[in-house]
Amino acid sequence: MTRVFGSPKKWADLIDPMVPTILYLVLDCWTQMPEPDDTDHEDDITVRLCKILRQNRTARDLPFQIDPQMVELEPEEGNQTGRMDITFRPLVAREDIYFCLEGKLLNVIQNGRRRSLASEYVKQGMVRFISGKYSKAVLHGGMAGYVRDGDTKHAISRVALNIKKQGAALGMESDGGLASSSVIENDDRVRETNHKRKTHRFLIHHLFLPVPIRSELVL
């Protein structure tokens, strides 16, 4: 059996210098996203984004691999722990060392009314990082909010409110919340949250990405 030596912290620290590059890459690639169909779901948008990210990574010769819908396995038991939307993995012999970007829809129109889906963003996205279902061995993770109606200000405000409501489940301090990014300055689309896991702090980077609006035909 092949053994990989080195402390877990040493391997986890490989992600730290990659985070700014990954976030800038996602923001840059998002500008190349085509207008979606009305029937497109979360996974459709994620797959399109991943294809553009891969093309861009190759062009820039960046030192990590980008994969969609990766499943992480518990080494001890071989149990499936979670299917992650997009992972950025440095080229090392550790499958648990990666940056996970979890995509969630925000501000969708259902039955003629706007639903923020901020609660789902928190409970079905952020909580998975804090529970260790995603990114158990590392110190950073990412959330991509696909803002369906383009109103990022509303999406951010609703997510911030739901984060406050779920503060205990998210391992946050009483005064914690959705804060300005310490990685990317002067960009209103980017935020971050700081969390306490059982053994270490964990930082979630939030990207609020306005989905391109389909152009109306001019007759």
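Treat the numbers as computed from the prediction; the structure is a model and nothing was measured.

What the protein chain contains, in helices and strands, is five helices and nine strands. Its helices and strands in sequence order give the protein chain the pattern α-α-α-β-β-β-β-β-α-β-α-β-β-β, from N to C terminus. Counting only residues that meet the buried cut, the protein chain has 47% of its 219 residues in that class. At a minimum sequence separation of 6, the contacts of the protein chain that also span at least 24 residues come to 62%.

A few words on the nonpolar core. Residues Val26, Leu49, Leu53 and Phe88 are the most contacted members of the largest nonpolar core, which totals 35 residues. Mapped onto this core, the elements with two or more residues apiece are α2 (19–30), α3 (42–60), β1 (64–73), β2 (80–90), β3 (99–106), β6 (140–147) and β9 (201–210). Looking at this core element by element, the count peaks at eight residues for α2. Each residue touching Leu49, except ones within four places of it in the same chain, is listed here: Val26, Cys29, Trp30, Met33, Ile86 and Tyr146. Counting 23 residues, the second largest nonpolar core, distinct from the first, contains Cys100, Phe129, Ala155 and Val159.

A few words on the environment of Tyr24. You can see Tyr24 is positioned in helix α2. Separated by 159 residues in the primary sequence, Tyr24 and Val183 have C-alpha atoms spaced 9.7 Å apart. Once residues within four sequence positions are removed from consideration, Tyr24 is found in contact with Val183 and Ile184.

This part is about unusual backbone geometry. Notably, Ser135 is not glycine yet its phi reads approximately 55°, a positive angle. Secondary-structure assignment places Ser135 in the loop between α4 (118–130) and β6. One non-glycine residue, Asn186, adopts positive backbone phi at about 60°. Structurally, the position occupied by Asn186 is in the loop between β7 (179–180) and β8 (190–196).

Quick look at the pattern of salt bridges now. Taken as a whole and judged by the stated rule, the model has 13 salt bridges. Linked through salt bridges whose partners overlap, the residues forming this network are Glu42, Glu102, Lys104 and Arg128.

A few words now on the confidence of the model for the protein chain. Confidence in the prediction for the protein chain averages 86 pLDDT; 86% of positions are at 70 or higher. Between residues 1–5, whose pLDDT stays under 50, and residues either more than four places distant or in other chains, the model counts four contacts. Overall, residues 75–80 carries pLDDT values under 50, and its contacts beyond four positions in sequence, including any with other chains, amount to seven contacts.

Our focus in this paragraph is the state of the cysteines. The tally for this structure, following the rule as stated, stands at zero disulfides. Left without a disulfide partner, Cys29 is nearest to the cysteine sulfur of Cys50, which lies 10.0 Å away.

Aromatic rings considered in pairs are described by the distance between their centres and by the relative angle of their planes. Taken as a whole and assessed by the stated rule, the structure comprises six aromatic pairs. Aromatic side chains Phe88 and Phe99 sit 6.1 Å apart centroid to centroid with 65° between the ring planes, which places their arrangement in the edge-to-face category. Of the two residues, Phe88 is situated in strand β2 and Phe99 in strand β3; the sequence distance between them amounts to 11 residues. Each member of the pair, Phe88 together with Phe99, is buried. Consider the rings of Phe129 and Phe202, whose centres lie 5.7 Å apart with planes at 25°: the pair is stacked. Within this pair, whereas Phe129 is found in helix α4, its partner Phe202 is found in strand β9, the two being separated by 73 residues in sequence. You'll find Phe129 and Phe202 in the same group, each marked buried. Among the aromatic residues, ring-to-ring pairing joins Phe64, Phe88 and Phe99 into one connected group. Stacked on the ring of Phe202, the Lys or Arg Arg197 has its end atom at 3.9 Å from the ring centre.

Analysis parameters
Residues numbered from 1 in each chain as written. Predicted model: local features only at pLDDT ≥ 70, side-chain atom pairs only at ≥ 80, totals over all residues. Heavy atoms only, no water. Helix = DSSP H or I, 4+ residues; strand = E, 2+ residues; numbered from the N terminus. Buried < 20%, exposed > 50% of the residue type's maximum accessible area, 1.4 Å probe, protein only. Contact = heavy atoms within 4.5 Å. Core = buried A, V, L, I, M, F, W, Y, C linked by side-chain atoms within 4.5 Å. Salt bridge = Lys/Arg side-chain N within 4 Å of Asp/Glu carboxyl O. pLDDT = per-residue confidence, 0-100. Disulfide = S-S within 2.5 Å. Phe/Tyr/Trp six-rings, centres within 6.5 Å; stacked < 30°, edge-to-face > 60°. Lys NZ or Arg CZ within 6 Å of the ring centre and 35° of its normal.

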